Amino acid sequence: EKQGYDWFMRKEIYEQPQAVADTLLGRYNEDGSLKLDELHIPEAELRTIDKIIIVACGTAYYAGMVAKYAIEHWTRIACEVEIASEFRYRDPIITPRTLVVTLSQSGETADTLMAIRHAREQGAKVIAICNTNGATIPRESDAVIYTHAGPEIGVASTKGFLTQVAACYLLGLYLAQVRGTKFGDEIAAIMGELAATPPLIQRVLDEIEPIKQLAAKYAEQKSVLFLGRHVGYPVALEGALKLKEIAYLHAEGFPAGELKHGPIALVENQIPIFVVVPPQGRDQLHDKVTSNIQEVRARGAFTIVLAEDDDEEVIPYADFLFRLPKVSTLMQPLVATVPLQMFACELASLKGYDVDQPRNLAKSVTVE
Ligand code: F6R
């Protein structure tokens with residue numbers, strides 16, 4: 001049931017505050033400590049883990065890229081992220097101390113399934129983060145954390161992505177708690193930030209109208225670029241994937257720092273470039289990205305800037321400015337991805353495409 005929405009995808013974009021809240025529900029205590037009862041892997045075993053490998057495909061892979069930053073930062077365990085279809089063909093180094101985390105909305109993606117089978121044959125423990133109860137991937141894993149997003153029907157994943165990020169963050173905080181790499185009060189503070197995101201995602205949705213109007217300008221556009229750094233980089237990749245999938249236009253995401261190493265040659269007059277600006281803060285990322293915006297604008301780009309409230313520095317370089325709620329860097333993907341999803345949905349809809357069933361794609365890819 002589309003409940004009055006034109007597309008399931010649009011409905012699912014609007015369901016994200018609830019989907020994230022439902023994913024967090026019951027998984028932390030009042031004191032901010034984590035409670036992941038469903039992880040039937042003994043704590044002693046989790047303490048011996050010396051490497052994490054996240055394997056997934058498509059949007060789930062980008063969620064894994066976001067998660068890597070958080071997991072390494074909180075747990076100090078080395079974390080790799082790999083496209084599932086590439087994983088077992090490179091003879092990856094897996095031991096019984098390797099934890100493989102797999103992300104799959106459907107739980108039926110063949111490439112991902114083959115990757116975890118391979119990992120388990122080598123003795124690794126596998127934790128699945130999945131949205132579909134009893135699907136093959138969770139059945140073949142040692143433990144599962146379900147994302148309680150509710151059924152996702154639009155082929156382009158939206159609430160799947162946000163809830164995968166949220167579930168990975170729960171897992172990361174839990175590992176930090178078990179291994180003592182963060183103090184209890186630090187964990188409680190981060191958990192508090194995570195638990196505070198649903199109303200902030202709602203705010204982004206309440207203010208989304210200008211993004212829809214922006215999309216109307218680009219019905220004839222051939223190419224769109226996305227830039228980000230740190231967790232903003234996978235957000236850029238995800239924004240580009242959504243446009244390719246449903247609006248059938250060429251779109252690419254780049255780490256903003258890579259621009260000068262090649263992609264800046266693509267910048268031509270009036271090309272729209274989305275830029276995800278990190279929160280203003282101690283590190284230099286914010287200022288670096290701000291200069292990247294200037295660089296592409298000086299070469300004629302139309303800059304579409306996503307920056308937090310009170311960020312005054314970007315104003316002179318933004319041809320279009322969308323305000324994000326103030327959150328920490330690691331929480332930003334949960335709010336910054338939403339306008340990119342809506343831009344793609346709106347553009348595809350305006351072009352008259354079937355947003356929920358894009359050409360050549362299936363909701364779950366059950367062949368390798
Ligand atoms: C993109 C999309 C795909 C899936 C990928 C993995 O919008 O839907 O890229 O993310 O096929 O699917 P799951 O998560 O079901 O394993």
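Residues numbered from 1 in each chain as written. Predicted model: local features only at pLDDT ≥ 70, side-chain atom pairs only at ≥ 80, totals over all residues. Heavy atoms only, no water.

If you look the protein up in an unreviewed UniProt entry, it shows as Glutamine--fructose-6-phosphate aminotransferase [isomerizing] from Micropruina glycogenica. As its UniProt record puts it under Subcellular location (unreviewed entry), the protein is described as follows: "Cytoplasm". In the Catalytic activity (unreviewed entry) part of its UniProt record, the protein is described as follows: "D-fructose 6-phosphate + L-glutamine = D-glucosamine 6-phosphate + L-glutamate". (UniProt positions renumbered as here; feature names shortened; annotations may be inferred.)

### As for the overall build of the protein
Within the protein one finds 14 helices and 10 strands. For a compact globule of 368 residues, the expected C-alpha radius of gyration is about 21 Å, and the protein comes in at 20 Å, within 12% of that figure. Dimensions along the principal axes, computed over C-alpha positions, put the protein at roughly 55 × 45 × 40 Å. Here the protein holds 368 residues, and the buried ones make up 58% of them. Partitioning the intrachain contacts of the protein with sequence separation of at least 6 by distance along the chain shows that 74% fall at a separation of at least 24. A total of about 14600 Å² of accessible surface is found on the protein, and carbon and sulfur atoms cover 49% of it. Separation of charge centres in the protein, based on 36 positive and 49 negative side chains, amounts to 3 Å. (Helix = DSSP H or I, 4+ residues; strand = E, 2+ residues; numbered from the N terminus. Rg over C-alpha atoms; globule rule 2.2 N^0.38 Å. Buried < 20%, exposed > 50% of the residue type's maximum accessible area, 1.4 Å probe, protein only. Contact = heavy atoms within 4.5 Å. Areas by Shrake-Rupley, 256 points an atom, 1.4 Å probe, with all protein chains shown as cover. Lys, Arg positive; Asp, Glu negative; His and termini not counted. Charge placed at Lys NZ, Arg CZ, Asp CG, Glu CD.)

### Some details on the sheet that holds strand 4 (residues 125–130)
An order of 2-1-3-4-5 is seen for the five strands of this open sheet, with the pairing classed as parallel. In this open sheet, the two strands that pair with only one neighbour each are strand 2 (78–83) and strand 5 (143–146). Within the sheet, the average angular offset between the axes of one strand and its neighbour, ignoring direction, is 20 degrees. In the sheet, strand 3 (residues 98–104) pairs with strand 4 via six bridges, with the strands oriented parallel. Its bridge partner lying in strand 4, Val 101 is registered against Ile 127. (Pairing = 2+ DSSP bridges. Axes fitted to C-alpha atoms, helices over the stretch in contact; angles between N-to-C directions.)

### Observations regarding the site of the ligand
Taken together, 14 residues form the shell around the ligand, and within it Ser 104, Gln 105, Ser 106, Thr 109 and Glu 245 come nearest. A distance of 2.8 Å separates an oxygen atom of the ligand from a polar backbone atom of Ser 157. Alone, the ligand offers 410 Å² of accessible surface; in the complex the protein occludes 89% of this. (Near = heavy atom within 4 Å. Polar contact = N/O pair within 3.5 Å; in protein donor to acceptor, adjacent residues only side chain to side chain.)

### Let's talk about the environment of Gly 192
You can see Gly 192 is positioned in helix 9 (residues 184–195). For the pair Gly 192 and Asp 31, spaced 161 residues apart in sequence, the C-alpha to C-alpha distance is 9.8 Å.

### Thoughts on a negative patch on the surface
Together, Asp 283, Asp 287, Glu 312 and Glu 313 give the surface a local cluster of negative charge. Among the secondary structure elements, Glu 312 is positioned in the loop between strand 9 (302–308) and strand 10 (320–324). Residue classification places Glu 312 among the exposed positions, given a relative accessible area of 56%. (Patch = residues over 30% accessible without salt bridge, like charges linked within 9 Å, V, L, I, M, F, W, Y side chains within 5 Å. Salt bridge = Lys/Arg side-chain N within 4 Å of Asp/Glu carboxyl O.)

### Let's talk about helix 8 (residues 159–179)
Here helix 8 is 21 residues long and its end C-alpha atoms lie 30 Å apart, about the 30 Å a rise of 1.5 Å per residue gives. Of all 21 residues that make up helix 8, 19 are buried, and the element is covered over most of its length. Phi turns positive one or two residues past the end of helix 8, at Gly 180, with a value near 70 degrees. (Expected span 1.5 Å × (residues − 1).)

### Description of the sheet that holds strand 10
With parallel pairing, the five strands of this open sheet are ordered in space as 7-6-8-9-10. In the strand order of this sheet, the two ends are held by strand 7 (250–255) and strand 10, each with one partner. Within this sheet the neighbouring strands show an average axis-to-axis angle of 15 degrees, counted without direction.

### Description of the pairing of strand 2
Sheet analysis places strand 1 (residues 51–56) next to strand 2, joined by six bridges and oriented parallel. Its bridge partner lying in strand 2, Ala 56 is registered against Ile 83. Taken together, strand 1, helix 4 (residues 58–75) and strand 2 form a β-α-β motif whose crossover is right-handed. (Right-handed = clockwise from strand over helix to strand, strands pointing away.)

### Quick word on helix 13 (residues 285–298)
Taking 1.5 Å per residue, 14 residues should reach 20 Å; helix 13 reaches 20 Å between its end C-alpha atoms and fits that length. If you check which residues of helix 13 are buried, you get Leu 285, His 286, Val 289, Thr 290, Asn 292, Ile 293 and Val 296. Angular distribution of buried residues about the axis of helix 13 spans 155 degrees; they occupy a single face of the element. Buried residues in helix 13 make contact with strand 6 (223–228), strand 8 (272–276) and strand 9. (Arc of directions from axis to C-beta.)

### Remarks on the packing of helix 8 against helix 14 (residues 332–350)
Axis separation between helix 8 and helix 14 bottoms out at 10 Å; the angle between their running directions is 170 degrees. With respect to their mutual orientation, helix 8 and helix 14 come out roughly antiparallel. Mapping the contact onto sequence places Phe 161, Leu 162, Val 165 and Tyr 169 in helix 8 and Pro 333, Leu 334, Thr 337, Val 338 and Gln 341 in helix 14. Along the lines of polarity and charge, the residues of the contact of helix 8 with helix 14 split into seven nonpolar, two polar and no charged. (Parallel < 35°, antiparallel > 145°, perpendicular 65-115°, else oblique. Nonpolar A, V, L, I, M, F, W, Y, C, P; charged D, E, K, R; others polar.)

### Quick notes on the pattern of salt bridges
Enumeration over the complete set of coordinates arrives at 24 salt bridges. When the shortest N-O distance is used, the salt bridge between Asp 50 and Arg 97 registers 4.0 Å. A residue pair is termed long-range when its members are at least 10 positions apart, and Asp 50 in the loop between helix 3 (43–48) and strand 1 and Arg 97 in the loop between helix 5 (84–87) and strand 3 qualify at 47 residues. The class of Asp 50 is partly exposed, set by a relative accessible area of 40%. In this structure Arg 97 comes out as partly exposed when scored by relative accessible area, which is 45%. Beyond isolated ion pairs, a larger network of salt bridges with shared partners links Lys 51, Glu 80, Glu 82 and Arg 90.

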